[in-house]
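Examination of the molecular architecture
Residue strings, one per chain:
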There are 2 protein chains.
Amino acid sequence: MGSGSSSHVSIKDIARIAGVSHSTVSRALADSPLVAPATKRRIQRIAREMGYTPSAIARGLVTRRTATIGLVVTTIADPFIAEVVQGIEETALDNGYSVILCDCNAEPERELTCVRTLREKWVDAIIVTSSRVGSLYVPLLEELGIPIVLVNNQRTGEYVYSVRTDNLEGGRLVGEYLLSLGHRRIGYITGPPSASSSRERLEGCRTALQEQGVDIPEEWIAPGDGRIAGGASGIRYLLERSPRPTAVFCYNDMTAIGALQAAREIGLRVPADLSLVGYDDITFAALVDPPLTTVAQDRYMLGRQAMELTLSLLDGQEGVHDIVLRPSLIKRDSCAPPSYREEGEM
Amino acid sequence: MGSGSSSHVSIKDIARIAGVSHSTVSRALADSPLVAPATKRRIQRIAREMGYTPSAIARGLVTRRTATIGLVVTTIADPFIAEVVQGIEETALDNGYSVILCDCNAEPERELTCVRTLREKWVDAIIVTSSRVGSLYVPLLEELGIPIVLVNNQRTGEYVYSVRTDNLEGGRLVGEYLLSLGHRRIGYITGPPSASSSRERLEGCRTALQEQGVDIPEEWIAPGDGRIAGGASGIRYLLERSPRPTAVFCYNDMTAIGALQAAREIGLRVPADLSLVGYDDITFAALVDPPLTTVAQDRYMLGRQAMELTLSLLDGQEGVHDIVLRPSLIKRDSCAPPSYREEGEM
DNA sequence: TGATATAATGCACACGTGTGCAAACCCGGG
DNA sequence: CCCGGGTTTGCACACGTGTGCATTATATCA
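Cut-offs used in this document
Residues numbered from 1 in each chain as written. Chains lettered and ligands numbered in written order. Predicted model: local features only at pLDDT ≥ 70, side-chain atom pairs only at ≥ 80, totals over all residues. Helix = DSSP H or I, 4+ residues; strand = E, 2+ residues; numbered from the N terminus. Rg over C-alpha atoms; globule rule 2.2 N^0.38 Å. Buried ≥ 20, exposed ≤ 12 C-beta atoms within 10 Å, placed from the backbone. Contact = placed C-beta atoms within 7 Å. Pairing = 2+ DSSP bridges. Nonpolar A, V, L, I, M, F, W, Y, C, P; charged D, E, K, R; others polar. Arc of directions from axis to C-beta. Axes fitted to C-alpha atoms, helices over the stretch in contact; angles between N-to-C directions. Near = placed C-beta within 6 Å. Least-squares fit on C-alpha atoms with pLDDT ≥ 70 in both. Parallel < 35°, antiparallel > 145°, perpendicular 65-115°, else oblique. Left-handed = near helix turned anticlockwise from the far one by under 90°. Domains from an automatic or database assignment. Core = buried A, V, L, I, M, F, W, Y, C linked by C-beta atoms within 7 Å. Expected span 1.5 Å × (residues − 1).

1. Focus on the overall build of chain A
A tally of helices and strands in chain A yields 13 helices and twelve strands. For a compact globule of 346 residues, the expected C-alpha radius of gyration is about 20 Å, and chain A comes in at 27 Å, more than 25% above that figure. With the principal axes as the frame, chain A shows a C-alpha extent of 95 × 40 × 35 Å. Here chain A holds 346 residues, and the buried ones make up 48% of them. In chain A, 69% of the contacts between residues at least 6 apart in sequence involve partners at least 24 apart.

2. Notes on the pairing of strand β3 (residues 125–129) of chain A
The side chains of a regular strand alternate, residue by residue, between the two faces of the sheet. Residues and elements named next belong to chain A. Burial runs high along β3: five of the five residues are buried. Of the two faces of β3, the one lined by Ala 125, Ile 127 and Thr 129 and the one lined by Ile 126 and Val 128 are each fully buried. As defined by bridge partners, strand β1 (residues 68–73) adjoins β3 across five bridges and the pair is classed as parallel. Bridge assignment links Val 72 to a residue of β3, and that residue is Val 128.

3. Looking at the interface of chain A and chain B
In this complex, chain A contributes 41 residues to the contact, which on the side of chain B involves 41 residues. Those elements that place two or more of their residues in the side of chain A that touches chain B are α4 (56–63), α5 (79–94), β2 (98–103) and α6 (108–120) of chain A. Sort the elements by how many residues they give to the side of chain A that touches chain B and α5(A) lands first, with eight residues. Residue composition of the side of chain A that touches chain B, grouped by class: 19 nonpolar, 13 polar and nine charged.

4. Overview of helix α4 (residues 56–63) of chain B
Looking only at α4(B), the buried set comprises B:Ala56, B:Ile57 and B:Gly60. Within α4(B), the buried residues cover an arc of 100 degrees as seen down the axis, which keeps them to one side. Each element contacted by the buried residues of α4(B) is listed here: α4 and α6 of chain A. Two residues or fewer past α4(B), B:Arg64 is found with a positive phi of approximately 60 degrees.

5. What to know about the sheet that holds strand β8 (residues 247–250) of chain B
Residue and element names in this part refer to chain B. Reading across from one edge, β7-β6-β8-β9 is the order of the four strands in this open sheet, with parallel pairing throughout. Two strands close off the open sheet at either side, each with one partner strand: β7 (221–222) and β9 (275–277). Where strand β6 (residues 186–189) lies against β7, two bridges are found, and the strand directions are parallel. Paired with Ile 189 across the bridge in β7 is Ala 222. Each of β6, β7 and β8 touches helix α10 (residues 228–240); the most contacted strand, β6, lies at about 150 degrees to it.

6. Let's talk about the protein's contact with DNA strand C
In the vicinity of DNA strand C, 26 residues are found, and the nearest of them are A:Ser10, A:Ser23, A:Ala58, B:Val20 and B:Ser23. Only α1 (11–18), α2 (22–29) and α4 of chain A together with α2 (22–29) and α4 of chain B provide two or more residues apiece to the surface near DNA strand C. Examining the composition of the surface near DNA strand C, we find that five residues originate from one element, α4(A), more than from any other.

7. Remarks on the relation of the copies chain A and chain B
In screw terms, the move from chain A to chain B is a rotation of 180 degrees and a rise of 0.0 Å along the axis, fitting with an RMSD of 0.0 Å. The superposition of one copy onto the other is thereby described by a two-fold rotation axis. In terms of C-alpha distance to the rotation axis, chain A has A:Ile100 as its closest residue, with the C-alpha 2.2 Å off the axis. In this assembly, 100% of the residues forming the interface of chain A have copies in chain B that are likewise at the interface, indicating an isologous arrangement.

8. Focus: the environment of B:Arg42
All names here are of chain B. Of note, Arg 42 is situated in helix α3 (residues 37–49). The partly exposed category is assigned to Arg 42, around which 16 C-beta atoms lie within 10 Å. For the pair Arg 42 and Pro 223, spaced 181 residues apart in sequence, the C-alpha to C-alpha distance is 71 Å.

9. Section: the protein's contact with DNA strand D
Of all residues adjacent to DNA strand D, which total 26 residues, the nearest are A:Val20, A:Ser23, B:Ser10, B:Ser23 and B:Ala58. Secondary structure elements with two or more residues in the surface near DNA strand D: α2 and α4 of chain A together with α1 (11–18), α2 and α4 of chain B. The dominant element in the surface near DNA strand D, judged by the number of residues it contributes, is α4(B), at five residues. Per-class residue counts for the surface near DNA strand D are twelve nonpolar, eleven polar and three charged.

10. Side note on the packing of helix α10 (residues 228–240) of chain A against helix α11 (residues 253–266) of chain A
All names here are of chain A. Their axes nearest at 6 Å, the elements α10 and α11 cross at an angle of 50 degrees. By the angle between their directions, the pair α10 and α11 is classed as oblique. As α10 packs across α11, the resulting crossing turns out to be right-handed. Each of Ile 228, Ala 229, Gly 230, Gly 231, Ala 232, Gly 234, Ile 235, Arg 236 and Leu 239 in α10 lies in contact with α11, whose residues at this interface are Met 254, Thr 255, Ala 256, Ile 257, Gly 258, Ala 259, Gln 261, Ala 262, Ala 263 and Ile 266. Class assignment for the residues of the contact of α10 with α11 results in twelve nonpolar, six polar and one charged.

11. Quick word on the domain arrangement of chain A
When cut into domains, chain A gives domain 1 (11–54), domain 2 (63–165 + 299–326) and domain 3 (167–293 + 331–345). Taking only C-alpha atoms into account, the centre of domain 1 of chain A sits 66 Å from that of domain 3 of chain A.

12. A short note on the nonpolar core
The tendency in soluble globular proteins is for nonpolar side chains to be buried as a group. A:Leu71, A:Ile126, B:Leu71 and B:Ile126 are the most contacted members of the largest nonpolar core, which has 94 residues in total. If we skip the residues at most four places from it in the chain, B:Leu71 touches B:Val85, B:Ile88, B:Val99, B:Ile100, B:Leu101, B:Cys102, B:Ile127 and B:Thr129.

13. Quick word on the sheet that holds strand β9 (residues 275–277) of chain A
Residue and element names in this part refer to chain A. With respect to topology, four strands assemble into an open sheet ordered β7-β6-β8-β9, the strand pairing being parallel. This sheet does not close on itself; its edge strands, each paired only once, are β7 (221–222) and β9. Summarising the sheet, strand β6 (residues 186–189) and strand β8 (residues 247–250) pair through four bridges and their orientation is parallel. By the bridge assignment, Tyr 188 is partnered in β8 with Phe 249. Packing of helix α8 (residues 167–181) onto the sheet brings it into contact with β6, β8 and β9, and relative to β9 it is tilted by some 165 degrees.

14. Looking at helix α12 (residues 299–314) of chain A
Residue and element names in this part refer to chain A. Taking 1.5 Å as the rise per residue, α12 with 16 residues should run 22 Å; its terminal C-alpha atoms sit 23 Å apart, in good agreement. Taken residue by residue, α12 has Arg 299, Leu 302, Gly 303, Arg 304, Gln 305, Ala 306, Met 307, Leu 309, Thr 310, Leu 311 and Leu 313 as its buried positions. Elements in contact with the buried residues of α12: β1, α5, β3, β4 (148–151), β5 (160–165) and β11 (322–325). Downstream of α12 by a residue or two, Gly 316 has a phi angle that is positive, lying close to 90 degrees.

15. Notes on unusual backbone geometry
Negative phi characterises most residues that are not glycine, and trans characterises most peptide bonds. Between A:Ser242 and the following residue, A:Pro243, the backbone shows a cis peptide bond with an omega angle of 0 degrees. For A:Pro243, the position within the fold is in the loop between α10 and β8. The peptide bond linking B:Val270 to B:Pro271 adopts the cis configuration, its omega dihedral lying at 10 degrees. Its location among the elements puts B:Pro271 in the loop between α11 (253–266) and β9. With phi around 55 degrees, A:Ala67 is a residue other than glycine that occupies positive phi space. On the secondary structure map, A:Ala67 appears in the loop between α4 and β1. Even without being a glycine, A:Asp280 presents a positive backbone phi close to 120 degrees. Exposure remark for A:Asp280: the 24 C-beta atoms within 10 Å place this residue in the buried category.

Following this line, the structure appears as structure tokens:
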């Protein structure tokens, strides 16, 4: 068994013990057919006994492949991103790759540090899980000449690929569902102004409604910020309209939770007086009262697909540039048919 | 400016252009005093113009330092761990280190893969953020002969160091607070049986109570699992005791939220009829109704301290083996003085 | 001016692994 | 016994960087 010595043992050490050249050891451990079967077995046995571990550093230097990918995130503290990262990391590990994590925290100088580090470490590819659109440093990354895979953030470029869920489809699912419950007066609380995903979700919802001749007028679109506060102020704004919507689609679950709390404070019951729909299916969507109807993105799968696309790119395959996953509607208890009282009030 | 060429430029390329040997370039870029100031400036300028980036791979091979640390977590999807990771990663980046993330998902074969990978990549140190006690592979890690820093998981060993928050202190804070509100009948819902942190929190609470001659009898200790379900079953058990506790300390926030929901179903008002205290201060502790009184651990600081300890170890410093951070009590609305009706009932 | 100390540079090797090419070996057939 | 062909092995170089030591160029002093 391993000698327990902490110093690394190299193929040269093995070569000395086995009485062969280090080249033969290298080939034997790579299971090359150039080595005589008996010699090969003997060398492999000795390597095992000496507790040999190959140096990825030295190997990377000559092969120019490090079996390492760089993962850039805006913040790992976001549970959504964390789950994507889990999908990426597990898939990477299963395929012999490891992941260098770069939390650039949306600070420009930190982004530069990240890019520099990933360059120096010779990563084979880069995955960017950033909620921001058009991250300024993607052009910098592109200069490295290695594949770049974007998660939930489409973009074009020679080395740039993307994996995302279909926000249009998500919005459509919500629209169809609210229609099927009988709603005709539907409002929307947006995310932060810069989020194109917010516009896409709204557009998808509108598309579904238009098939039944229903529209979302501008006055039923309230500005939010993707957080609790924005949801609360958004719902207050919408409830002051006259007539007011009977159902509100919220940019995400945090917005919906803020809306839920504010609506209750005003004295409205959800879903009896008002239906609410969120987006993302965060853990606590199921735990609020009432449990929140929402649209789920398979975050783990998002990460998994991103890594698998990366692997196929490193394998030399081309072709697929844009993978789109379908979201799904999770029906819970925050939606109900509109009350007749509300309908008559119009 | 950079030529935009994707191929790496090496110090040899610079040497050819500058008309010097690669040794001189190496020294110039390291700002060595052995190089004439004029030459140094010229070489540095050429390096900048050629878009030179040093190869951490080649450098690591000769210096045997990779400026990389391995980070082993049970699951990055746990928000608690994710925030610790953020603290680690940011501190690492600020000091020129990068982090290889290993999500071993508590699966033994994956743990082995992690250890092997970190060995091959020649990481300088390893930080383990694992909620499990006595991870089986720590001995394996110890064989590598590099510093190992454990987060929230004390352990002894030649290369093993730890950073943690004081569970005894956390429990004590809760005990003192409930006493100050006037509670004398206090219950506890445990975490999973294997969690030593659960025992420590209980013990700390008991210590505080004993100073006032109050005890927590065995029948007011309910088994939980650290999750919603365990909190619900735990509180149901406690509310069936007679007399029953007027306040319940829960192992963590998820347990407390489960208890909160179950208590409400039974018809009890929190905090009027029952006081509840959680632990961890997860995001949603502030968002449930009523907002949860809880004990906060500074997760970011936990990570930051872990990385700073690691850096000082890599810097050759010894001495500090165990850093203990103090938790703090976050008072919200889930606790109130016991109602006289309850008191009289005893 | 010549000897000597000092500053600046280059040579050569090292780190651990992979690989093209030549050399050595073995085996069988003529 | 010798030669051809296949199998097995070793030599030598490469990858990009760092560094001890020798060497050269320059400055200083007698």
